Amino acid sequence: QNPEATWGRDTLRAVQFAFFMINEKFGTLSNGVRIQRVVPGNTIVIASSVSNGAGAVSAPMYSGMATRVPLELYGIDAPASGGAGELPYADLLPAMARHRFYAHPVRYTSLALALCEAMMVGLPVIGLATTELPRVIRDSGGGYADTEPARLVEFSRELIRDRGRAQELGRKAR
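Reading guide: rules and limits
- Residues numbered from 1 in each chain as written.
- Predicted model: local features only at pLDDT ≥ 70, side-chain atom pairs only at ≥ 80, totals over all residues.
- Heavy atoms only, no water.
- Salt bridge = Lys/Arg side-chain N within 4 Å of Asp/Glu carboxyl O.
- Buried < 20%, exposed > 50% of the residue type's maximum accessible area, 1.4 Å probe, protein only.
- Helix = DSSP H or I, 4+ residues; strand = E, 2+ residues; numbered from the N terminus.
- Pairing = 2+ DSSP bridges.
- Right-handed = clockwise from strand over helix to strand, strands pointing away.
- Core = buried A, V, L, I, M, F, W, Y, C linked by side-chain atoms within 4.5 Å.
- Contact = heavy atoms within 4.5 Å.
- Patch = residues over 30% accessible without salt bridge, like charges linked within 9 Å, V, L, I, M, F, W, Y side chains within 5 Å.
- Areas by Shrake-Rupley, 256 points an atom, 1.4 Å probe, with all protein chains shown as cover.

Caption draft 1: Focus on the pattern of salt bridges. Per the stated rule, a full pass over the model turns up eight salt bridges. As a salt-bridge pair, R151 and D146 come within 2.7 Å of each other at their nearest N and O atoms. On the accessibility criterion, R151 (44% relative accessible area) is partly exposed. What makes D146 buried here is its relative accessible area of 10%. A salt bridge links E168 to R165, with the nearest nitrogen and oxygen atoms 3.7 Å apart. Here E168 pairs with R165, and both are found in helix 7 (residues 163–173), just three residues apart, close to one helical turn. Taking relative accessible area as the criterion, R165 reaches 25% and is therefore assigned partly exposed.

Put into structure tokens, the structure is as follows:
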């Protein structure tokens, strides 16, 4: 059973619905007709699933960290990587908040919602210094970003040893 067998079709439908809703809410009315301003010709949507590389990009990084730092992985395909699996959204934030930090071993993404949610619940973020993460960490002071995985592991271990330091960074992240 492949949970992503219909991923492309379902994602396309979701994007089409998003275009519709954006135009309904923000489109211009002309003679009683809603003019669609957001269309595929002027808008780019980037969507990646695990099978086409989104999760695979971070899989080596995650597995490398997980052998040296205790991490818990949540998500649809997490059991395939030894993770806890998918949680209902109502359970996800409380589960995240029980941890000392949020590991974000992702190389290519804008700014993940899960990362923002982790900061919202007061978790410091540890992650690769790519895309927007270094700026977010610099501006908030709520974590640590580096391009060297060994330094990420060491900082993660420091937060495991020092609850006070993790809490201090978590307050800044929030």
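Now that the structure is up, let's keep going.
Caption draft 2: Representation of the pairing of strand 5 (residues 143–146) within the structure. Where strand 4 (residues 125–128) lies against strand 5, four bridges are found, and the strand directions are parallel. The residue bridging G127 from the neighbouring strand is A145, located in strand 5. Once the chain exits strand 4 it traverses helix 5 (residues 133–140) before rejoining the sheet at strand 5, and the crossover so formed is right-handed.

Caption draft 3: A look at the nonpolar core. M96, Y102, L115, M119 and V125 are the most contacted members of the largest nonpolar core, which has 14 residues in total. Secondary-structure elements contributing two or more residues to this core are helix 3 (89–97), helix 4 (113–120) and helix 5. Apart from residues no more than four positions distant in its own chain, L115 is found in contact with Y102, H104, V125 and L133.

Caption draft 4: View of a nonpolar patch on the surface. Together, F17, F20 and M21 give the surface a local cluster of nonpolar side chains, amounting to about 310 Å² of exposed area. With a relative accessible area of 52%, F17 lands in the exposed category.

Read these as layout, nothing more, since geometry by itself doesn't imply function.
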